[in-house]
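Geometric and topological summary
For reference, the chains in residue letters:
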Amino acid sequence: MLYAIVGEDVPNSLQQRLAARPAHLARLTELEAAGRMLLAGPFPAIDSADPGPAGFSGSLIVAEFDSLAAAQAWADADPYVAAGVYGRVTVRPFKQVLPGS
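We now turn to the structure provided with this report. (Residues numbered from 1 in each chain as written. Predicted model: local features only at pLDDT ≥ 70, side-chain atom pairs only at ≥ 80, totals over all residues. Heavy atoms only, no water.)

Some details on helix H2 (residues 68-76)
Basically, it comes down to this: Burial classes follow relative accessibility: with a 1.4 Å probe on protein chains only, a residue under 20% of its type's maximum area counts as buried, one over 50% as exposed, and anything between as partly exposed. Only DSSP runs of H or I covering at least 4 residues are called helices, and only runs of E covering at least 2 are called strands; the numbering of each starts at the N terminus. The directions from the helix axis to the C-beta atoms are what the arc is built from. Two residues qualify as a contact provided that any one of their heavy atoms is within 4.5 Å of a heavy atom in the partner residue.
Along H2, the residues classified as buried are Ala 71, Trp 74 and Ala 75. When H2 is viewed along its axis, its buried side chains cluster within an angular range of 100° and face the same direction. Looking at the buried residues of H2, the elements they touch are strand E1 (2-9), helix H1 (14-33), strand E3 (56-64), helix H3 (79-82) and strand E4 (86-94).

Given below as structure tokens:
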């Protein structure tokens, strides 16, 4: 089943985010290589694809996991959690309707 993982950045976390980004992307790349990734990306803090020093307010990951518990465990182990980038992470089941698969 698909799960939506929403990480919410703490204020002024851009430097921690940048430092932890390689490890964060490595985990996402593993999901993608396994064919389990639907989409992933950050929420710019301002209305711009490149928010510069404004940074990001969080991230969205939609990926396939065996269970909600497995998705939560994966999210809890994210490098952004360990680095203090995310102040809160929410994991919810997700049903894709469009585009059709």
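Re the packing of aromatic side chains
Condition: Stacked, edge-to-face and tilted are the three classes for Phe, Tyr and Trp ring pairs, Trp counted by its six-membered ring, which pair at centre distances within 6.5 Å; planes under 30 degrees apart are stacked, over 60 edge-to-face, the rest tilted. Criterion for a charge above a ring: Arg CZ or Lys NZ at most 6 Å from the ring centre, at most 35 degrees from the ring normal.
A complete count under the given rule lists three aromatic pairs for this structure. With 5.7 Å between their ring centres and 50° between their planes, Phe 65 and Trp 74 make a pair best called tilted. Following the ring pairs from residue to residue traces out a cluster consisting of Tyr 3, Phe 65 and Trp 74. One cation-aromatic arrangement involves Arg 27 over Trp 74; the distance from NZ or CZ to the ring centre is 4.0 Å.

Focus: unusual backbone geometry
A cis amide bond links Leu 98 with the next residue in sequence, Pro 99, at an omega value of -15°. Looking at the element boundaries, Pro 99 is found in the segment after E4. Phi at Asn 12 takes a positive value of approximately 60°, unusual for a residue other than glycine. Relative to the elements of secondary structure, Asn 12 occurs in the loop between E1 and H1.

Concerning the sheet that holds strand E2 (residues 37-44)
Short version of the rule: Paired strands, in this sense, are two strands between which DSSP finds at least two bridges. Axis lines are fitted through C-alpha atoms, for helices just across the contact stretch, and the angle between N-to-C directions can take any value from 0 to 180 degrees.
One open sheet holds the four strands; their spatial order is E2-E3-E1-E4, and the pairing between them is antiparallel. Two strands bound the open sheet, and with one partner strand each, they are E2 and E4. Between one strand axis and the next, the sheet turns through 10° on average, direction left out of account. Examined bridge by bridge, E1 and E3 share seven bridges and lie antiparallel to one another. The residue of E3 that forms the bridge with Ala 4 is Val 62.

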